[in-house]
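# Descriptive structure summary
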Amino acid sequence: EIGSGLVGSEMCIRDSVVAAMEKTCEDNHIKYQREVIDKGGTDASSMNLSGYGVKAGGIVVTTRYPHSQSAVASKADIEAGVDLMTAFSKTEFTF
């Protein structure tokens, strides 16, 4: 839903990455919602499944009419995406 926060993408990505992104949102008071989608995806799913795999995740901003010249999105959701990318880029992972 537009204005309800970022969407944590779960299609063909690692649960550990989704959990880390959600924790980052919670720790930094960034509004988010769980993705509910049955089609589509990104290159992250191919990266995650190739060879030994690469831990990959996605950050989605909910939009209406996304592939048109009149797409609609919440400015607050877009700003939350920037906040999440900034905070998440400081996360240290152990393998």
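In this report, the structure presented in the accompanying data block is examined. Nothing here was measured: the structure is a model prediction, and the numbers come from that model.

Calculation rules
- Residues numbered from 1 in each chain as written.
- Predicted model: local features only at pLDDT ≥ 70, side-chain atom pairs only at ≥ 80, totals over all residues.
- Heavy atoms only, no water.
- Helix = DSSP H or I, 4+ residues; strand = E, 2+ residues; numbered from the N terminus.
- Contact = heavy atoms within 4.5 Å.
- Areas by Shrake-Rupley, 256 points an atom, 1.4 Å probe, with all protein chains shown as cover.
- Salt bridge = Lys/Arg side-chain N within 4 Å of Asp/Glu carboxyl O.
- Buried < 20%, exposed > 50% of the residue type's maximum accessible area, 1.4 Å probe, protein only.
- Expected span 1.5 Å × (residues − 1).
- Axes fitted to C-alpha atoms, helices over the stretch in contact; angles between N-to-C directions.
- Parallel < 35°, antiparallel > 145°, perpendicular 65-115°, else oblique.
- Nonpolar A, V, L, I, M, F, W, Y, C, P; charged D, E, K, R; others polar.
- Core = buried A, V, L, I, M, F, W, Y, C linked by side-chain atoms within 4.5 Å.

## Quick look at the overall build of the protein
Helix and strand counts for the protein come out as three helices and five strands. Start at the N end of the protein and walk to the C end: the helices and strands fall as β-α-β-α-β-β-β-α. Restricting the contact set of the protein to residue pairs at least 6 apart, pairs at least 24 apart contribute 78%. About 6700 Å² of surface is accessible on the protein, with carbon and sulfur atoms providing 55% of the total.

## Quick word on the pattern of salt bridges
The final tally for this structure, using the stated rule, is one salt bridge. Lys23 is the partner of Asp27 in a salt bridge, and the nearest nitrogen-oxygen pair spans 2.7 Å. Residue Asp27 and its partner Lys23 are both found in helix α1 (residues 15-27); the two are separated by four residues, about one turn of the helix. Among the residues examined, Asp27 registers a relative accessible area of 48% and is labelled partly exposed. Using a relative accessible area of 48% as the deciding quantity, one classes Lys23 as partly exposed.

## Points about unusual backbone geometry
In the Ramachandran plot, His29 falls in the positive-phi region, its phi being about 55° despite a non-glycine side chain. Along the chain, His29 turns up in the loop between α1 and β2 (32-34).

## Points about α1
Compared with the 18 Å implied by 1.5 Å per residue over 13 residues, the 18 Å span of α1 between its first and last C-alpha is a close match. Listing the buried residues of α1 in full gives Val17, Val18, Ala20, Met21, Glu22, Thr24 and Cys25. Taken from the residues just after α1, His29 is the one with a positive phi, measuring 55°.

## Some words on the packing of α1 against helix α3 (residues 75-88)
Contact pair α1 / α3: the axes reach a minimum separation of 10 Å and the direction vectors enclose 110°. By the angle class used here, α1 and α3 are roughly perpendicular. In this structure, α1 contributes Val17, Ala20, Met21, Thr24 and Cys25 to the contact, and α3 contributes Leu84, Ala87 and Phe88. Each residue belonging to the contact of α1 with α3 can be placed in one class, and the counts come to seven nonpolar, one polar and no charged.

## A closer look at the nonpolar core
Residues Val17, Ala20, Met21, Cys25, Ile30, Ala80, Leu84 and Phe88 constitute the largest nonpolar core, which totals eight residues. Counting residues per element, the ones that place at least two in this core are α1 and α3. The element that contributes the greatest number of residues to this core is α1, accounting for four residues. Among all residues touching Cys25, those that are not within four sequence positions of it are Ile30, Tyr32 and Leu84.

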